[in-house]
Amino acid sequence: MALDTKKTSPPHCKGTTPNTEKGKVTYCTDLEKSVITTNFDRRGWIQVGPDDEWNFYWSFIQNCRTLFSIESGYRMNDNQMINHFPNHYELSRKDLLVKNIKRYRKELERDGNPLAEKTDVILPSGQVVTRYIHLDFIPVTYVLPADYNMFVEEYRKSPQSTWIMKPCGKSQGAGIFLINKLSKLKKWSRDAKTVFHPQLSSKECYVISRYIDNPLLIGGKKFDLRLYVLVTSFRPLKAYLFQHGFCRFCTVKYDTSVTELDNMYVHLTNVSVQKYGGDYNSLHGGKMSIQNFRLYLEGTRGRAVTEKLFAEMQWLIVHSLKAVAPVMANDRHCFECYGYDIIIDNNLKPWLVEVNASPALQSTTHNDRILKYKLIDNIVSVVVPPDGIPDARWNKIPSEEALGDFDVLIDEELMEREDINSRYNKIHRVKP
Ligand SMILES: Nc1ncnc2c1ncn2[C@@H]1O[C@H](COP(=O)(O)OP(=O)(O)O)[C@@H](O)[C@H]1O
Ligand SMILES: [Mg+2]
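Sequence order as written defines the numbering, with residues in each chain counted from 1. Starting at A for chains and at 1 for ligands, labels are handed out in the order in which the entities are written. For a predicted model such as this one, the threshold for reporting local features is a pLDDT of at least 70, and the threshold for listing and counting side-chain atom pairs is 80 or more; totals across whole chains, interfaces and linings nevertheless cover every residue.

So, about the overall build of the protein. Numbering of helices and strands starts at the N terminus; helices are DSSP runs of H or I of at least 4 residues and strands are runs of E of at least 2. Broken down by element type, the protein carries 13 helices and 18 strands. Here the C-alpha radius of gyration of the protein, 23 Å, is about what a compact globule of 432 residues would show, namely 22 Å. By principal-axis analysis of the C-alpha atoms, the protein measures approximately 70 × 60 × 45 Å. By the burial criterion, 36% of the 432 residues in the protein qualify as buried. Here the contacts in the protein between residues at least 6 apart in sequence split such that 73% fall between residues at least 24 apart. As a reference, a globule follows 2.2 Å times the number of residues to the power 0.38, and the radius of gyration itself is taken over C-alpha atoms. Each residue is classed by its C-beta neighbour count within 10 Å, where at least 20 other C-beta atoms makes it buried, 12 or fewer makes it exposed, and intermediate counts make it partly exposed; the C-beta atoms are placed from backbone geometry. Contact criterion: two residues are in contact if their C-beta atoms, reconstructed from the backbone, are within 7 Å.

Below, the structure is given as structure tokens:
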């Protein structure tokens, strides 16, 4: 979920004409951090306030929503771009992400799409359950209180398993706890007096997910991956994966014993949680680069399975985006960089845990600072046309050079073009 929900004064609501004719790009930012300002200043862009004529706005989620609200009366012109899609929550809110992925799978299934093929899986309890073969990338999840009965049914299939409760509207590990008994959930619900309350606001609802209790461990410690994904359009889908993700480690060894169930230093990989752990190392910040992780895996498990894992992570990202594409307000002024949280289990299967619409940009280490600076620089080079002036009319097909350290995950427009070309070539017998 969002980190930067802090409100600043929303932009003044007036239609403006940015001063790109004078050759100067103006920017506005709600986040007064050097990772943003130094980056934009270096491009020769000029900082202005939200009420001024801006071309590029690095906004907080709430201010972006205000700007797009009907009441604001604000209309962006062609030379304005902003770093969020107004209803990003379809992807970044834990309950909506699950709802959209479930809907997407059902639709594919209804259409007889082979992507939605299913198979029977035997659980450790001996129970046989039916799972999607290609689209089983989120842990089984229910929204509470709405899906309580379905949850209980699933719980009873393997009553010895552990579940993780997460508030839909919070982030950074806040309000999360593990349960291994239905009675614990019932007790919590009585104490919190929320779960069964009929008029719960979205902020008070929870998701309950099957806890991935067999995570891949390195040095005996649990970790998850943080990957950055830039989306410049949802229809057609255009998405890019940043090459410099990282692993975030727990500070203490992984331990599944019941006595450690409440020890969040064992179970949650959030840096915001781990930095308060006694063994937190401020030099590496509990982080390992994805490149080193890849080398480690190749060395310990082999190249082929490592390749497969990385391909599966890309697959998972693309399908999570396809799942929300139909419901996203695909405004051409918008782009967004998502922080994907992925857990890998000890069978090297990746699981999508959540998607953040405003991943933390503050740095905990020197390497972190370099990475985040590069990320912002690279985002701008992908979203801004070759002449360097923000333009919502641009076809959003960046050059190889502009892509920098982003890899194309998917570009449906280019795929369509290639398809047309290859069909044309077949018809006219032109060798490819
Ligand atoms: N289903 C799960 N199985 C195992 N660990 C999980 C699961 N869901 C979340 N976690 C752990 O909890 C952390 C926080 O969960 P997340 O969904 O990312 O919420 P938040 O918004 O608080 O970051 C994750 O980074 C991961 O370490
Ligand atoms: Mg998270």
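Once you've had a look at it, read on.
What follows deals with the sheet that holds strand β2 (residues 46-47). Judged by pairing direction, the sheet is parallel, and its four strands sit side by side in the order β2-β1-β3-β4 without closing on themselves. At either margin of the open sheet sits one strand with a lone partner, and together these are β2 and β4 (81-82). At least two DSSP bridges between two strands are needed for those strands to be called paired.

Below, the discussion takes up helix α4 (residues 94-110). Here the expected span of a helix is defined as 1.5 Å times the quantity of residues minus one. In this model, α4 (17 residues) spans 25 Å end to end at C-alpha, consistent with the 24 Å of a helix rising 1.5 Å per residue. Inspection of α4 places Lys94, Asp95, Leu96, Leu97, Val98, Asn100, Ile101, Tyr104, Arg105 and Leu108 among the buried residues, and these make up the whole buried set. Glycine 112 occupies a position one or two residues after α4 and carries a positive phi of about 70 degrees.

Describing two packed helices takes the angle between their axes plus the distance from one axis to the other. The geometry of α4 relative to helix α10 (residues 303-324) is characterised by a closest axis approach of 8 Å and an angle of 90 degrees between their N-to-C directions. Between α4 and α10, the angle is such that the two are roughly perpendicular. Where α4 approaches α10, its residues Asn100, Ile101 and Tyr104 are matched on the opposing element by Ser320, Lys322, Ala323 and Val324. Its residues assigned to classes, the contact of α4 with α10 comprises four nonpolar, two polar and one charged. Axis lines are fitted to C-alpha atoms, over the contacting stretch for helices. Their N-to-C directions set the angle, which ranges from 0 to 180 degrees. Orientation labels follow simple angle bins: below 35 degrees gives roughly parallel, above 145 gives roughly antiparallel, 65 to 115 gives roughly perpendicular, and whatever is left gives oblique. In this classification, the charged set is Asp, Glu, Lys and Arg, the nonpolar set is Ala, Val, Leu, Ile, Met, Phe, Trp, Tyr, Cys and Pro, and all remaining amino acids, among them Gly, are polar.

Close to ligand 1 lie 20 residues; Ser171, Ser209, Ile212, Thr269 and Glu354 are nearest. Elements with a minimum of two residues in the shell around ligand 1: β8 (163-167), β16 (336-344) and β17 (350-356). Taken together, the residues of the shell around ligand 1 sort by class into ten nonpolar, six polar and four charged. Nearness is defined per residue: the C-beta atom, placed using the backbone, must lie within 6 Å of the molecule or strand.

Okay, the pairing of strand β10 (residues 206-210) next. Successive side chains on a regular strand alternate, one facing one side of the sheet and the next facing the other. Within β10, four of the five residues are buried, which leaves the element mostly enclosed by the surrounding structure. Inspection of the sheet shows strand β7 (residues 141-144) paired to β10 by four bridges, in the antiparallel sense. In the strand pairing of β10, tyrosine 142 is matched with isoleucine 208. Across five bridges, β8 lies against β10 in antiparallel orientation. Looking at β10, one finds that isoleucine 164 is bridged to serine 209.

Before going further, it helps to examine the sheet that holds strand β9 (residues 177-179). The strand order across the open sheet built from four strands is β7-β10-β8-β9, with neighbouring strands paired in antiparallel fashion. Strands at the two margins of the open sheet, each flanked by one partner only, are β7 and β9. Between one strand and the next, the sheet's axes are offset by a mean angle of 25 degrees, whatever the strand orientation. Bridge count for β8 against β9 is three bridges, and the pairing is antiparallel. Bridge pairing in β9 places methionine 165 opposite phenylalanine 177.

Now for the nonpolar core. Working definition: the nonpolar core is a set of buried Ala, Val, Leu, Ile, Met, Phe, Trp, Tyr and Cys residues, joined through C-beta atoms within 7 Å. Counting residues in hydrophobic clusters, the biggest one holds 88 residues, and the most contacted among them are Val229, Leu230, Val231, Ala239, Tyr338 and Ile342. Per-element tally for this core: the top contributor is strand β12 (residues 221-234), with eight residues. When near neighbours in sequence (up to four residues on either side) are disregarded, alanine 239 contacts Val229, Leu230, Val231, Val318, Leu321, Leu409 and Ile410.

Once that is clear, we can look at the pairing of strand β6 (residues 128-132). Judged by how many residues are buried, β6 sits mostly at the surface: zero of five residues are covered. In terms of strand pairing, strand β5 (residues 118-122) meets β6 through five bridges, oriented antiparallel. Within the sheet, the bridge partner assigned to isoleucine 122 lies in β6 and is valine 128. Hairpin remark: β5 followed by β6, antiparallel, with five residues in the connecting loop; positive phi at glycine 126, about 95 degrees.

Here we take up the environment of tryptophan 58. Mapped onto the elements, tryptophan 58 comes out in strand β3 (residues 56-58). With sequence-adjacent residues up to four places away left out, tryptophan 58 is seen in contact with Thr29, Asp30, Leu31, Ile36 and Asn83.

Attention shifts here to α10. With 22 residues, α10 extends 33 Å between its outermost C-alpha atoms, agreeing within 8% with the 32 Å of an ideal straight helix rising 1.5 Å per residue. Considered for burial, the residues of α10 that qualify are Met313, Leu316, Ile317, Ser320, Leu321, Ala323 and Val324. Projection of α10 onto a plane perpendicular to its axis shows the buried side chains occupying an angular sector of 165 degrees, all on one side. The exposed residues of α10 that point more than 90 degrees off its buried face are Arg303, Ala304 and Ala311. The arc in question is the one spanned by the directions pointing from the helix axis to the C-beta atoms.

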